Amino acid sequence: MPKNLILFLLFIPLVVFSQHSIKGNFTPAEDFTWAVLYQVTPTSKVYTAQARVSEGKFEFKLPENTPKGIYKIVYNVPQEIKNFDVIYNAKEDVELTFGEEKGAVFISSEENLLLKDYMNSMMDIGDDIGRLYGEASINKSEIKKEFKKLSETQNKFEKNATGTLALNFIKASKPYISSKYEDASTYIKNVKENYFNSVNFSDPVLQGSNFLIDRAIAFVMSLSDVSEKGALYYQPTIDTIFSSLGETDRGFQKIFLKNIWRNFVENNMPDPANYIAERYLIAIATELQDEALVENLTLYKNLSIGNIAPNFSWEIEEEKKILTQSLYELNVAENYIIVFGVVYVLIV
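The following paragraphs examine the structure supplied in this document. Just so you know, these numbers come straight off a predicted model, no measurement behind them.

1. Focus on the sheet that holds strand 3 (residues 45-52)
Next, step 1: Ordered by their spatial adjacency, four strands build an open sheet running 3-2-5-6, and the pairing between neighbours is antiparallel. Each edge of the open sheet is held by one strand with a lone partner, namely strand 3 and strand 6 (83-88). Sheet twist, expressed as the average angle between the axes of neighbouring strands with direction ignored, equals 25 degrees.
Next, step 2: The sheet contact formed by strand 2 (residues 34-40) and strand 3 spans seven bridges and is antiparallel. Looking at strand 3, one finds that Val40 is bridged to Lys45.

Okay, structure coming up:
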């Protein structure tokens, strides 16, 4: 039997039964007990695997036919918040560490490391631009050099990422880059106006990840104006986000806006959360006949500080008559203290 044929037969099992894994460490280890892996699409997530976390370590063994794509690792509840994305290209193992403060730090995985390197490089240049604008004496030539460096770095990473899923994120992350010197106020104005120019909200790869949500929230938090009272004037930025969605699928719009709404709720920011709900999300949920979502959005709005509490009624006995009274009918004082109690019944 020819030697080459022997080698081919010997390695067939390795080819047919080879599989990859996604593994890593959670820190601090005692805060994590389990992890679930989902493959995500623009409007759903598909269960792929689960793993018990032991001393911070976890590992997902992936079947050989696991398709490439964006995967979400859920590590706690609520699942919509307590998760992070991983690019899996079906060619290599992925290894990482994760902590809620630092996020995911990849140890191995060409595409994830490439994307992280891109983000770090662009942030470093952005920090340098901010520092130059903050100096007492503005050095216009140095700022122009940083703009050029920003453009060169963007082009380099786009070229290096050709043929990868990371390219979708690198292109969508392209910042506003001026071809000439601009004063600080003009530059900030142009950054704000061009923030979503490179983002394709119809890209299914981006729709299935946290990228669009994170970018939208960063836009609201970083580029909203501050009023004279010190409050965040967020409405124009939220309006910009919605207009950027264009003619995207209504189902995606609902999930996208709901996740932004939930993020504001989790961070105790009822004003932007309720603005999203009242201005856009309730109408979309109603159109899609999602009555449960409409109810949740309305209930949160009604229970938010500064809003009128939902009305409710109770029975009282007066002159041997049972009367029904409601919250809205109380009119004997300007302020009230409402105490809710629980009645325990012992059955013996």
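2. So, the pairing of strand 4 (residues 57-61)
Next, step 1: The side-chain alternation of strand 4 yields one buried face, formed by Phe58 and Phe60, and one unburied face, formed by Lys57, Glu59 and Lys61.
Next, step 2: Sheet topology note: the strand 1 (residues 21-26)/strand 4 ladder contains five bridges and is antiparallel. In the sheet register, Asn25 faces strand 4, and the bridge partner there is Lys57.

3. With respect to the nonpolar core
Next, step 1: Grouped together as the largest cluster of nonpolar side chains are 61 residues, with contacts concentrated most on Phe169, Leu212, Phe256, Leu257, Ile260, Trp261 and Ile276.
Next, step 2: Counting residues per element, this core draws most heavily on helix 10 (residues 270-287), at nine residues.
Next, step 3: With residues up to four places along the chain from it excluded, the contact list for Phe256 reads Phe201, Leu212, Ile213, Ala216, Ile241 and Leu245.
Next, step 4: Core analysis: the second largest hydrophobic core is formed by 22 residues, Ile22, Leu37, Val53 and Tyr88 among them.

4. Comments concerning the pattern of salt bridges
Next, step 1: Applying the stated criterion to the full structure yields eleven salt bridges.
Next, step 2: Here Asp85 makes a salt bridge to Lys72, at a shortest N to O gap of 2.9 Å. Remark: Lys72 occurs in strand 5 (residues 69-74) and Asp85 occurs in strand 6; sequence separation between them is 13 residues.
Next, step 3: Judged by relative accessible area, Asp85 falls into the partly exposed class, the value being 21%.
Next, step 4: Here Arg131 ties to Asp128 by a salt bridge, and the two come within 3.9 Å at their closest N and O atoms. Of this pair, Arg131 and Asp128 both sit in helix 2 (residues 110-134), three residues apart, which is roughly one turn of the helix.
Next, step 5: The class of Arg131 is partly exposed, set by a relative accessible area of 44%.
Next, step 6: Several salt bridges share partner residues, and in doing so they unite Asp128, Arg131 and Glu135 into one network.

5. A word on the side chain of Arg215
Next, step 1: Residue position: Arg215 is located in helix 7 (residues 211-223).
Next, step 2: Notably, Arg215 is buried but unbridged: the nearest opposite-charge side chain belongs to Asp214, and the N-O separation is 10 Å.
Next, step 3: A polar contact is formed between the side chain of Arg215 and the backbone oxygen of Tyr195, at a distance of 3.1 Å.
Next, step 4: Discounting chain neighbours no more than four positions away, the residues touching Arg215 are Ala172, Ser173, Lys174, Tyr195, Phe196 and Val199.

6. Focus on helix 3 (residues 140-160)
Next, step 1: The terminal C-alpha atoms of helix 3, which comprises 21 residues, lie 30 Å apart, in line with the 30 Å expected from a rise of 1.5 Å per residue.
Next, step 2: Along helix 3, the positions that sit buried rather than exposed are Ile143, Glu146, Phe147, Leu150, Thr153, Gln154 and Phe157. Each buried residue of helix 3 sits inside an arc of 125 degrees when the element is viewed along its axis, so together they form one side. Opposite its buried face, helix 3 presents the exposed residues Lys145, Lys148 and Lys159, each directed more than 90 degrees away.
Next, step 3: Elements that come into contact with the buried residues of helix 3 comprise helix 2, helix 4 (166-172) and helix 5 (184-193).

Criteria and thresholds
Residues numbered from 1 in each chain as written. Predicted model: local features only at pLDDT ≥ 70, side-chain atom pairs only at ≥ 80, totals over all residues. Heavy atoms only, no water. Pairing = 2+ DSSP bridges. Helix = DSSP H or I, 4+ residues; strand = E, 2+ residues; numbered from the N terminus. Axes fitted to C-alpha atoms, helices over the stretch in contact; angles between N-to-C directions. Buried < 20%, exposed > 50% of the residue type's maximum accessible area, 1.4 Å probe, protein only. Core = buried A, V, L, I, M, F, W, Y, C linked by side-chain atoms within 4.5 Å. Contact = heavy atoms within 4.5 Å. Salt bridge = Lys/Arg side-chain N within 4 Å of Asp/Glu carboxyl O. Lys, Arg positive; Asp, Glu negative; His and termini not counted. Polar contact = N/O pair within 3.5 Å; in protein donor to acceptor, adjacent residues only side chain to side chain. Expected span 1.5 Å × (residues − 1). Arc of directions from axis to C-beta.

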